Amino acid sequence: MGWALVRRLGFINIGALAVVARRIPINLTIAVAITATLVAGLIIWSRFRYWLDGDDLVTESGVLSRKRVTVPLERIQSVSTRQSVVHRIFDLVEVQVQTAGSAMAEITLTAVDGEVAQRLRRLATAASPKQGVLTDPTGVAPGATAEPGGSGPAPAPPEPILRRTIPELTRAALSRNPLTLLAPIALVVGVLVQTGDWLEDWMESTVESLFGSPVIIVAAIVIGLLISVVTSVAALLVRFYDLTLVRHGSSLRHTQGLLTRREFSATIERIQGMVRTQNPVERALKIGGLRLPVAGTPVAAGSNPGGPGAQRGSGGQLDLPATTLIDEAAIARIILGPEPAKAPVVHGISRLAWRRWLLWTGVVPAVGFAVLAALGGLPPIPVAMFAGVWTVLVAATTRRYQRSWHWSVGDEVAQTTSGVISRRTIRMAVRKTQTVTLRQGIFHRRHGLADVTVRSAGRVSVVIPMLPLDQAASLRDLLIYRAETDPRPFM
Amino acid sequence: MSALEPVGFRNAPVVLGDLPAVDQGPFERVDSKYLLQQRAMWLVFGTVAAIIASFAATVVPEVPRWFGAIAGGAALLVVIGAWVLEGQAFAYRGVLLRDHDVSFRRGLIGRRTVTVPFSRVQHVAVERGPLDRIFGLATVAVFTAGAGGADARIDGLAPYQADRLRATLVQRTETARAG
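In this text the structure is predicted, and so the values were computed from the model without any measurement.

**A word on a nonpolar patch on the surface**
Residues and elements named next belong to chain A.
And step 1. A surface patch of nonpolar side chains, about 810 Å² in accessible area, is lined by Val-85, Val-86, Ile-89, Phe-90, Ile-166, Val-238, Tyr-241, Leu-258 and Leu-259.
And step 2. For the nonpolar patch, the element with the highest residue contribution is helix H4 (residues 85-89), accounting for three residues.
And step 3. With respect to the helices and strands, the residue Leu-258 is situated in the loop between strand S9 (251-256) and strand S10 (261-267).
And step 4. Given the relative accessible area of 33%, Leu-258 is considered partly exposed.

Structural data, given as structure tokens:
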């Protein structure tokens, strides 16, 4: 208990507490904290063991209470590696062994030779019974060629599906940062501020008293924007530097990172679908952010540990910025299978949806605001005008939003596209359906409509809104039928 | 041939009208004690609201006397409305077991039907909270891969029903996985 508390707080924090309390001189505290961290690290390290016991990988750890974890090799779903800057100095890697069941990596080997990760992965692939149904495109069993470093004559390394260069990543960062859009606006404002007369009074009363000169505030805005843009480019470059997606037999391997190198592989079957998001800038550049949700992996390469990817059981995802349509089509062929000979019918959604969105996003807030204003004693005419303008604005945008919704359910793939400004396309393999849900709100029931939600094992589900009830029910029946009759694996 | 196509995979045409429809049911109702439990909860809520309103109206000088009457009346209306709605919701609430999947539908105002194929079930849990124990009820929670929580939480079952449902689900999941 006490030890766990100390470890959780960390020596550094305890030291900081001591300093704050001013009981202990700061130099002594720092020295003690560093020594204690080193000693504790040494003790923890010396009490950690791992070995292969027949077909099981076993680890034993713990200083006072010992903990032993046994993982059968055939249950290993993936072996990921992480290499921080410190690891790279000593040419070591951190290995994470993941099984399907748990939300966390089952076993983490904090620092081992890169060779160990390779060997573990080879053993796991060789022992794996779960790829028996898959046929390898090369006609060789997955275990034989899945590893480039495998025994026997080394085959040529497979061609990467995707590789991101620095200019591509920079473009992605620039198109993702909303402040980039503000740069031209800032320029215009700057020109206006310096030439226009109408801002003079306002400038004098507020800005000059604060900053002395309008030129300074314009410069400050521009510098702020620049800093924001540069940091976002730098962050993206550090995270996605040298991003490579390679196919090895029946799995995809994903590598990225400038300071900390991360490598993650997942069998193709575990990738549940594809989600593409495109903001207007990305649309103009014909690129988009692509996410591949992976079932059963908590923290995939690219997701932050403890971030949304670490949510319990919901699976992680591969994050691929600046993906062109050609790249995306190639990835879709791998994940979702070849494109069907006959394109599936694409549907819009019911016109009734507009009324509902208009009601809840336009009329209700406008009326509510007007009522509040009346109670608060605000002048009625401006309030009424504002409410009217608001409703008209919402009416115009919801109409466009509703028109942007499209869905299709083919033999293999269910797909929805939506969004006026930012557009999102979700694609999911129909056979990877986990559950199908029909939902009706008050509005739905009054108009005989229903929403259909198709959920997969990863962080992707397809929602088809505002279908006529009978159509929704038969779509549900079809999806359930496909999920139950398709013999192919879904995870 | 794609790598994703397993050996012997066929893709026969599907006639939409011939598919077994979940809506044809028959959905089985949950235990009638569930309706009792829900109505009792509303009664408790209404009583507490009425007591608070009358207390406020009589003790706190700033609250006018008529407020107690209005609030009490509103609470009574809500309870009566909920009483009727709960009856309808109970008639709608139900479980449907078919050869290959389980469906659960429910809804007081909005409605929801969730369908889970047996082959997708990861585990099944039977839960009995304190309220469930007072009224002699049990909840069966069905979990699949990748969900944050239970996909279907079938509440309002009698304990023997819950046990039977759990056993059926587990057994059919095993068969579906093996086959």
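On we go from here.
**Considerations on the confidence of the model for chain B**
Residues and elements named next belong to chain B.
And step 1. Across chain B, the average pLDDT comes to 85, with 90% of residues at 70 or higher.
And step 2. Put simply, strand S5 (residues 121-127) is where chain B has its lowest mean pLDDT, 88, and strand S4 (residues 111-117) is where it has its highest, 93.
And step 3. Scoring the predicted complex yields pTM 0.75 and, for the interface, ipTM 0.85.

**Considerations on the sheet that holds strand S1 (residues 49-53) of chain A**
Residue and element names in this part refer to chain A.
And step 1. Within the open sheet, the three strands sit side by side as S1-S2-S3. Their pairing is antiparallel. If you trace the sheet from one side to the other, it starts and ends with S1 and strand S3 (67-72), each paired once. Pairs of neighbouring strands in the sheet enclose a mean axial angle of 15°, with direction left out of account.
And step 2. Where strand S2 (residues 56-61) and S3 come together, six bridges link them in antiparallel fashion.

**A closer look at the sheet that holds S9 of chain A**
Residues and elements named next belong to chain A.
And step 1. An order of S6-S5-S4-S10-S9-S8-S7 is seen for the seven strands of this open sheet, with the pairing classed as antiparallel. Single-partner strands in this sheet number two, and they are strand S6 (107-113) and strand S7 (160-163). The mean inter-strand angle of the sheet, taken between neighbouring strand axes irrespective of direction, is 20°.
And step 2. As judged from the six bridges shared by strand S4 (residues 76-83) and strand S5 (residues 92-99), these two strands associate in the antiparallel manner. Within S5, the position partnered with Ile-76 by the bridge is Thr-99.
And step 3. Packed onto the sheet, helix H12 (residues 325-336) meets S7 and strand S8 (244-248) and runs at close to 145° relative to S7.

**With respect to the pairing of strand S3 (residues 101-106) of chain B**
All names here are of chain B.
And step 1. Taken across its six residues, S3 has five buried, putting it largely inside the fold.
And step 2. Two strands pair when backbone bridges link them, and strand S2 (residues 94-97) and S3 are joined in this way by four bridges, in the antiparallel orientation. Bridged to Leu-96 within S3 is Ser-103.
And step 3. Pairing between S3 and S4: six bridges, direction antiparallel. From the neighbouring strand, Val-102 faces S4, where its bridge partner is Val-116.
And step 4. The antiparallel hairpin formed by S3 and S4 contains four residues in its connecting segment, where Gly-107 sits at a positive phi of about 150°.

**Topic: the packing of helix H1 (residues 32-59) of chain B against helix H2 (residues 65-92) of chain B**
Residue and element names in this part refer to chain B.
And step 1. Two elements in contact, H1 and H2, have axes separated by 8 Å at closest approach and are oriented at 175°. Taken together, the axis directions place H1 and H2 in an arrangement best described as roughly antiparallel.
And step 2. Residues of the contact of H1 with H2, tallied by class, amount to 15 nonpolar, six polar and three charged.

**A short note on the pattern of salt bridges**
All names here are of chain A.
And step 1. For the structure shown, the criterion picks out 20 salt bridges over all chains.
And step 2. In this structure, the salt-bridge partner of Arg-239 is Asp-319, at a minimum N-O distance of 3.3 Å. Remark: Asp-319 occurs in strand S13 (residues 316-324) and Arg-239 occurs in helix H10 (residues 214-240); sequence separation between them is 80 residues.
And step 3. For Arg-239, a relative accessible area of 30% corresponds to the partly exposed category.

Here is what the cut-offs are and how they apply
- Residues numbered from 1 in each chain as written.
- Chains lettered and ligands numbered in written order.
- Predicted model: local features only at pLDDT ≥ 70, side-chain atom pairs only at ≥ 80, totals over all residues.
- Heavy atoms only, no water.
- Patch = residues over 30% accessible without salt bridge, like charges linked within 9 Å, V, L, I, M, F, W, Y side chains within 5 Å.
- Areas by Shrake-Rupley, 256 points an atom, 1.4 Å probe, with all protein chains shown as cover.
- Salt bridge = Lys/Arg side-chain N within 4 Å of Asp/Glu carboxyl O.
- Helix = DSSP H or I, 4+ residues; strand = E, 2+ residues; numbered from the N terminus.
- Buried < 20%, exposed > 50% of the residue type's maximum accessible area, 1.4 Å probe, protein only.
- pLDDT = per-residue confidence, 0-100.
- Pairing = 2+ DSSP bridges.
- Axes fitted to C-alpha atoms, helices over the stretch in contact; angles between N-to-C directions.
- Contact = heavy atoms within 4.5 Å.
- Parallel < 35°, antiparallel > 145°, perpendicular 65-115°, else oblique.
- Nonpolar A, V, L, I, M, F, W, Y, C, P; charged D, E, K, R; others polar.

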